[in-house]
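# Notes for the structure review
If you want the building blocks of each chain, they are given just below.
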Amino acid sequence: MAVTHEQADWFADAFNRLVDNIDQAILGKRDVIRLVIGALLSEGHLLLEDFPGTGKTVLAKSLANTIDGSNSRIQFTPDLLPSDVTGVTIYDQGKGVFEFHRGPIFASIVLADEINRASPKTQSALLEVMEESKVTVDGVGYPVGAPFMVIATQNPIEQAGTYSLPEAQLDRFLIKTSLGHPDHDTAVALLLDSSNRARANLVSPVIAADSIVAMSHLAAEVHVDASVVGYLNEIVTGTREHKDARLGVSMRGALALARASKTWALSQGRTYVTPDDVRELAPHVLSHRIIVDPEADFAGVTAEQIVSDVLVKVEPPVYRAA
């Protein structure tokens, strides 16, 4: 069913209200907030590669507060076990039955803090739930509900005692971005309000969790012209064929970019996707899925540069809305 202009206007208004609400706690980062909400409404997950103290936890709590959902924080450490994330089945002697005790993964917004400090075994506990929104323990599946989003963080500086995320894990994240340090004016505003140590509490619900699910379903119905799909696929193919890429973007990555582009278009009140939507999101959706050739990496080539090269080489179609 095609999205109507009235539905597009409602979606864009709700999207902007979500951004404005979170902006009360995370000052000066509207572009990042838009990406975060875009990932949530595309039913995807977010990877934040950032320094300590940049507001990652506040962002996760603010997002949970604004959609009237639950939130949890998992501090990933080398001794963390998979059951510490998913939950565990315990025998109740009084009842004579096994009962499942839910882990912190059962929340609307889950902050997986310093995810690369946990062992690959524990990291893999997230693979199923990030893909299928359910946890399987002792052969029984437990849905985590909707909306559901994992916001994982990792420190780009400290590498001692960390485990790099495997490609299959990185591919589960729809978007990778960073908050970064605030600019001068924002920093001064935060320092003047330094007595407020719980900025996430400034954020109150503006939309019900059920409405987030409805918005996600609506975004999935946005029209994408065949020429725009072809353009998107040429970009993805270009990452695979680039001379400095050892591994390009997978089909999962292409589907992720298509989903995100639909949400991005609708957030601007449009019922159709344009090539500009694809171009704007491509660096955030594709870069973390590319493995740079070791020699090129040694020479200073980055995955972001590969995506930029491809975007320059691939000619966008001349697209007109119907």
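In the block above lies the structure referred to throughout.
In this text the structure is predicted, and so the values were computed from the model without any measurement. (Residues numbered from 1 in each chain as written. Predicted model: local features only at pLDDT ≥ 70, side-chain atom pairs only at ≥ 80, totals over all residues. Heavy atoms only, no water.)

## Focus on helix H3 (residues 56–66)
For clarity, the cut-off: To sort residues, take the accessible area from a 1.4 Å probe on protein chains only and compare it with the maximum for the residue type: under 20% means buried, over 50% means exposed, and anything in between is partly exposed. Helix and strand assignments come from DSSP, with helices taken as H or I runs of at least 4 residues and strands as E runs of at least 2, each series counted from the N terminus. Any pair of residues with heavy atoms lying within 4.5 Å of one another is described as a contacting pair.
Listed as buried for H3 are Lys-56, Leu-59, Ala-60, Ser-62, Leu-63, Ala-64 and Thr-66. Tucked into the core, H3 has its buried residues touching helix H1 (5–22), helix H2 (30–41), strand S1 (46–49), strand S2 (71–75), strand S5 (109–113) and strand S8 (149–154). Of the residues trailing H3, Asp-68 is marked for its positive phi of about 55°.

## A few points about helix H6 (residues 125–132)
Worth spelling out the cut-off: By arc we mean the arc of the directions from the helix axis to the C-beta atoms, nothing more.
Restricting attention to buried positions, one finds in H6 the residues Ala-125, Leu-126, Val-129 and Met-130. The buried residues of H6 occupy one face: seen down the axis, they fall within an arc of 100°. Those residues of H6 that are buried are in contact with helix H4 (82–86), helix H5 (120–123), strand S6 (134–137), S8 and helix H7 (167–170). Ser-133 sits one or two residues past H6 and shows a positive phi near 55°.

## Considerations on the pattern of salt bridges
Quick note on the threshold: The term salt bridge refers to a pairing of a side-chain nitrogen on Lys or Arg with a carboxyl oxygen on Asp or Glu at a separation within 4 Å.
This structure, assessed with the given rule, holds 14 salt bridges. A salt bridge links Arg-30 to Asp-20; its shortest N-O distance comes to 2.9 Å. Residue Arg-30 is located in helix H2, and its partner Asp-20 is located in helix H1; the two are separated by 10 residues in the primary sequence. Judged by relative accessible area, which is 35%, Arg-30 ranks as partly exposed. Residues Lys-95 and Glu-99 are paired through a salt bridge, measuring 2.9 Å at the closest nitrogen-oxygen approach. Assessed through its relative accessible area of 58%, Lys-95 is described here as exposed. By relative accessible area, Glu-99 is classed as partly exposed at 25%.

## With respect to the side chain of Gln-169
Here Gln-169 lies in helix H7. Ignoring sequence-local partners within four residues, the contact set of Gln-169 consists of Gln-123, Ser-124, Leu-126, Leu-127 and Met-130.

## Re the packing of aromatic side chains
Operational definition: The pairing test for Phe, Tyr and Trp rings, Trp by its six-membered ring, is centres within 6.5 Å, and the orientation test on the planes gives stacked under 30 degrees, edge-to-face over 60, and tilted for anything in between. Put simply, a charge is over a ring when the Lys NZ or the Arg CZ is close to the ring centre, within 6 Å, and near the line of the ring normal, within 35 degrees.
Per the counting criterion, the structure on display carries four aromatic pairs. Here the aromatic rings of Phe-11 and Phe-15 are separated by 6.4 Å at their centres, their planes lie at 25°, and the arrangement is stacked. With Phe-11 and Phe-15 both in helix H1, this residue pair falls four residues apart, about one helical turn. Among the aromatic residues, ring-to-ring pairing joins Phe-100, Phe-106 and Tyr-142 into one connected group. A cation over an aromatic ring shows up here: Arg-34 above the ring of Trp-264, its NZ or CZ 5.3 Å from the ring centre.

## Section: the sheet that holds S1
Put simply, the test is: Pairing between strands requires that DSSP locate at least two bridges from one strand to the other. Whenever a helix is involved, its axis is fitted only over the stretch in contact; in every case the axis is a line through C-alpha atoms, and angles between N-to-C directions fall within 0 to 180 degrees.
Judged by pairing direction, the sheet is parallel, and its five strands sit side by side in the order S2-S5-S8-S1-S9 without closing on themselves. With one partner strand each, in any of the chains shown, S2 and strand S9 (175–177) form the two edges of the open sheet. Between one strand axis and the next, the sheet turns through 15° on average, direction left out of account. In the packing of H2 onto the sheet, the strands contacted are S1, S5, S8 and S9, and the crossing angle to S9 comes to about 160°. Sheet contacts for H3: S1, S2, S5 and S8; angle to S5, the most-contacted strand, approximately 170°.

## Overview of unusual backbone geometry
For the bond from Ala-146 to Pro-147, the omega torsion is 0°, close enough to zero to count as cis. Notably, Glu-114 is not glycine yet its phi reads approximately 50°, a positive angle. Phi is positive for Asp-138, close to 55°, though the residue is something other than glycine. Considering the arrangement of structural elements, one finds Asp-138 in the loop between S6 and strand S7 (140–143). A relative accessible area of 63% places Asp-138 in the exposed class.

## Brief notes about the pairing of S1
Where S1 and S8 come together, four bridges link them in parallel fashion. Each bridged residue has a counterpart across the sheet, and for Leu-48 the counterpart in S8 is Thr-153. Relative to S9, S1 is paired through three bridges, and the arrangement is parallel. The residue bridging Leu-47 from the neighbouring strand is Lys-176, located in S9.

## A word on the nonpolar core
In plain terms, the rule: The criterion is simple. A nonpolar core is a set of buried Ala, Val, Leu, Ile, Met, Phe, Trp, Tyr and Cys residues joined through side-chain atoms within 4.5 Å.
If you look at the biggest cluster of nonpolar residues, it comprises 67 residues, and the most contacted ones within it are Ile-37, Leu-63, Ile-109, Met-149 and Ile-151. Counting residues per element, this core draws most heavily on H2, at eight residues. Once residues within four sequence positions are removed from consideration, Ile-109 is found in contact with Leu-40, Ala-60, Leu-63, Ala-64, Ile-67, Ser-70, Asn-71, Ser-72, Met-149 and Ile-151. Within the second largest apolar cluster, 26 residues are counted, among which are Val-85, Ala-107, Leu-126 and Val-144.

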